[in-house]
Every structure is written in C-alpha cells, then in structure tokens.
Amino acid sequence: MAEESDLEKTEPGSAKRIEKAREQGQVARSRELSTFVLLATGIFGLWLNAGPLSAHLKHVLSQSLQFERAAAFNPTTMMELAGKVAFEGLEAVLPLLGMMALAALAAPLMLGGWLFTTESLLPHFSKLNPAAGIGRMFSTQTLAELTKAIAKSALVGGVAYLVISRNVKSILALLSEPVRIALPHMASVVANCCTMIILSLLIVVALDVPYQLWSHYRKLRMSKEDLRQEHKESDGDPQIKAKIRKQQQAMAKRRMMAKVATADVVLTNPTHFAVALKYDDKKMRAPRVVAKGSDLVALRIRALGEQNNVPILEAPPLTRALYWHTNLGDEIPTALYTAVAEVLAWVFQLKQWHKEGGVAPRTPSDLPVSEALDPLEGRA
C-alpha cells in the first residue's frame, strides 16, 4: 500500500502519537526564540553590569599594558602575567556568562519543555539515503527556513544599519575620549545599539513560534485509518477480544458443568431452564447455585445430573425464580428459603429411601414462590 499523502491526514495527532513523538525527540522548537532569549539576556546583563564590568576591564587592560622592560624578555614572567590577566578577565565576565547559561536552560521551557532522550543519538540509516536528502533540500520546510533566514537577515541588517548610522558620531567620539570615560561610554553605546537590534528580533519570534507549532502538529496529523488502527492497538483487536471472550466463556462453562456432579439437586423447568444447587451446612450459610442455564445448556445440566445420580426435580416456578435472580456462586434469595428447604428435605428423604427402602418420599409440588420472583409472561 502506498504511503498516505498529507491530504489524507486530516485528523489532529492523538495524545499517544504526540507522546511517542516526544519520546523520539520530536518537539516544537524555535531557534529564533532561543536566540532572542540568549541575546536579550546578554544585553540585559551587559546593561546591568556596565559599571562594574567597565571598571574591571579597565583594570585588566591597565595590568596587561604595565610591565617592566626586562619582563618582556622573560617568557615565564609573561606567561604568568597573561594567565593573571586572563583569569581577571574571566572573573569580570563570569556574572554575564552565568546569566546566559541560565537563559540557555530556561529557553526550552518556553516552547516544548526540557527533553531528555537518547533516541536522536541512535543511527538512522534512512537519513543516509541520497534521494531522501535531495527531497529534504527542496522540501516546503527547507524553502520556509530559507525565506525566514533571508527575511531575518534583511530585518536585522536594516535595523542595525539605522541604529549604527544614528550613533556614528558617538562611536567616533570614543577615539578622542580618555580611557576612563571611553570604556563606560563604549559599553553604553554598544548596549543601546544591541538593544534596538535585539528588539527587532521580536518580530521574527512572533512569526516563527506560531509557525513552528503549526508545522510540528501538522507533521503529527493522522488519517482516519491511523486513528482506527491506534484505537485497535490500544483497546485490542475486536476479533481477538471476541475469541478470548469466547474461550473464557467456554472455560467457565466447563468449570460450571464439572460442578453439576457434586450438586445436591438439579431443578428444571422442565426443558427451558435448569439450576443446580449445593448445600454444605458446615461451610455455607445457605444453599448456593453451582450451575444454571437455558435451552441446550439446561438439557446438558440435566443430562450430567442424571449421569451422576443427582436428584432431578421439575419445579418450574422455583427454577425460573432462581435462574433470573441469582448468579453462579450466589446464595439463594431469602424469599426462596422455604421452597428450597422443602426441596432439600425431599433430597434427604430420597437418599434415605435409596439406602433403607420403604415408602418413597412424596415429590414436592406447589412450592411457595412469590409471583414477583417468577415473571412468567414471556419467560417460560
């Protein structure tokens, strides 16, 4: 079957598909948003620490240019001086680097969240297919990225040109200013220029974030057949479930039939229903239903009872009441205690008669069964 086209995938991705894509490292990401957060944090940190940073850098510059003539010809001394200056320079920019490191960690939380997976590190040989690579080069995604890059370059470049052209005099004035004045002035000019350039990236971010979200969820769209297949995999194939249910019912029926041989009595309708009862006064509070069925199952229960010499009693109202108002393993309803007691008394007398002989016990009839428990119409 040919792969489904995007036109056929009209349904939004399910929660399961989205979660699976996330496990594979596929989440919505905007490089423009991350870049903006990093640059904005850098500019803010530069602006916030302009005074201490300029003073620190001034000290570093002064230390690096002041040394004795003899030290210039001593490599060891110069290396020590270079190391000291480098350490002081790192110390100067360390707060700014710390702020940007925190920004780099916080940026993913704004879109897609943090993601830890090794799926992207696994080799995928399909990516080595030249045809697929050429297809990606001329795909809609690549064209959109190219258009975005050109537009971003034009926008940022235009804003940079306007901002720098307006500050040309301030930049040139730095050449004639003393160092102690030029350094903070330079930091202020750079911060102002960069701030305006960074603000222009807000336009790019405002366009890129919705596009990345739309593109990500578009890739996860599913066809109706995909949804049906996923539902089948989640809930199980209906045909397989039906077979399992059928097997379970067959096993339950076999277990039920096996208990007929141990029953004390089998009550019949006589042909439509059959119910087998068991009572052990040492283990049970009341007699329990160990088997029941209708039509062919009822005939099978009756046949098994006859094969195992279980007493068979035709008691249509009582049989129907037990069939409709009990489940397998249930105790008989309280309202049927009297009727079932007469049946069990007959069973006891029947066993005694088989052992000792004499007059056969009278078969119970007209057992007391409430009409509410035996809705005869349409059931018999």
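These notes cover the structure that comes with them. (Residues numbered from 1 in each chain as written. Predicted model: local features only at pLDDT ≥ 70, side-chain atom pairs only at ≥ 80, totals over all residues. Heavy atoms only, no water.)

**Observations regarding helix H4 (residues 75-106)**
Where we set the bar: In this description a helix means any DSSP run of H or I spanning at least four residues, a strand means any run of E spanning at least two, and both kinds are numbered starting from the N terminus. How far a helix is expected to stretch is found by multiplying one less than its residue total by 1.5 Å. A residue's bend is given by the angle between axes fitted to the 7 residues ending at it and the 7 residues starting at it. Residue exposure (1.4 Å probe, protein chains only): buried if accessible area is under 20% of the type maximum, exposed if over 50%, otherwise partly exposed.
End to end, H4 covers 44 Å across 32 residues, agreeing with the expected 46 Å (1.5 Å per residue, within 8%). In H4, a bend of some 45° at Val 93 exceeds every other bend along the element, and Pro 95, a proline, comes one to four places later. Listed in full, the buried residues belonging to H4 are Leu 81, Val 85, Glu 88, Gly 89, Ala 92, Leu 96 and Ala 103.

**Digging into the layout of surface pockets**
Heads up, the condition is: For cavity detection a 1 Å grid was placed over the protein atoms alone, and a set of points counts as a cavity when a 1.4 Å probe fits there but cannot get out; an open set counts as a pocket when protein lies on both sides within 12 Å along at least five of seven lines, with lining residues being those that have an atom within 4 Å of a point. Grid points are joined across faces, edges and corners, and a volume is the space filled by probe spheres set on the points. Under this grouping Gly is polar, as are all residues other than the nonpolar Ala, Val, Leu, Ile, Met, Phe, Trp, Tyr, Cys and Pro and the charged Asp, Glu, Lys and Arg.
Of the volumes computed, that of the second largest pocket is approximately 400 Å³. Around the second largest pocket sit 16 residues that line it, and Val 27, Ala 28, Arg 29, Gln 212 and Lys 219 are the ones nearest its centre. Residue assignment for the lining of the second largest pocket shows that the elements contributing at least two residues are helix H6 (140-166) and helix H8 (179-219). Looking at the lining of the second largest pocket element by element, the count peaks at 5 residues for H8. Tallied by class, the residues present in the lining of the second largest pocket amount to 3 nonpolar, 7 polar and 6 charged.

**Re the sheet that holds strand S3 (residues 288-294)**
So the rule is basically this: Any two strands with at least two DSSP bridges between them are considered paired. Note on geometry: axes are C-alpha line fits, over the in-contact stretch for helices, and angles between N-to-C directions span 0 to 180 degrees. We call two residues in contact when some of their heavy atoms are within 4.5 Å.
Spatial strand order, S3-S2-S1-S4: 4 strands in an open sheet with mixed pairing. Edge strands, defined here as strands with exactly one partner in the open sheet, are S3 and strand S4 (312-314). Averaged over all pairs of adjacent strands, the angle between strand axes in this sheet comes to 20°, irrespective of strand direction. Pairing analysis gives 4 bridges linking strand S1 (residues 265-268) to strand S2 (residues 273-278), with the strands arranged antiparallel. Each residue of the ladder has a partner; that of Leu 267, found in S2, is Val 275. Sheet strands in contact with helix H11 (residues 296-307) are S1, S2, S3 and S4, and its direction is about 130° off that of S3.

**With respect to the pairing of S2**
Within S2, 5 of the 6 residues are buried, which leaves the element mostly enclosed by the surrounding structure. Linkage of S1 to S2, two consecutive antiparallel strands, is achieved through a turn of 4 residues. In terms of strand pairing, S2 meets S3 through 6 bridges, oriented antiparallel. Residue pairing across strands places Lys 278 opposite Arg 288, the latter belonging to S3.

**Remarks on a nonpolar patch on the surface**
We count it as follows: Here the term patch refers to residues with relative accessible area over 30% and no salt bridge, with like charges joined within 9 Å and nonpolar side chains (Val, Leu, Ile, Met, Phe, Trp, Tyr) within 5 Å. Surface exposure here means Shrake-Rupley accessible area, sampled with a 1.4 Å probe, where a residue is shielded only by the protein chains that are shown. By convention in these notes, a salt bridge is any Lys or Arg side-chain nitrogen within 4 Å of a carboxyl oxygen on Asp or Glu.
Together, Ile 164, Val 168, Ile 171, Leu 172 and Leu 175 make up an exposed nonpolar region whose accessible area comes to about 470 Å². The dominant element in the nonpolar patch, judged by the number of residues it contributes, is helix H7 (residues 168-173), at 3 residues. Of note, Val 168 is situated in helix H7.

**As for helix H13 (residues 337-356)**
Look at H13: 28 Å from first C-alpha to last across 20 residues, which is about the 28 Å you get at 1.5 Å a residue. In this structure, the buried residues of H13 make contact with S1, S2, S4 and helix H12 (316-325). Looking one or two residues beyond H13, the residue adopting positive phi is Gly 357, at roughly 80°.

**A short note on the pattern of salt bridges**
Inspection of every chain in the model, using the stated rule, returns 5 salt bridges. A salt bridge links Arg 285 to Glu 331; the shortest N-O distance between them is 3.3 Å. Here Arg 285 is found in the loop between S2 and S3, whereas its partner Glu 331 is found in the loop between H12 and H13, with 46 residues between them in sequence. Among the residues examined, Arg 285 registers a relative accessible area of 72% and is labelled exposed. Salt-bridge contacts for Glu 306 lead to Arg 302; the nearest nitrogen and oxygen are separated by 3.6 Å. One end of the pair, Glu 306, and the other, Arg 302, are both in helix H11, 4 residues apart, so they sit about a helical turn from each other. For Glu 306, a relative accessible area of 48% corresponds to the partly exposed category. A cluster of three or more residues bridged by salt bridges with shared partners is formed by Arg 285, Arg 288 and Glu 331.

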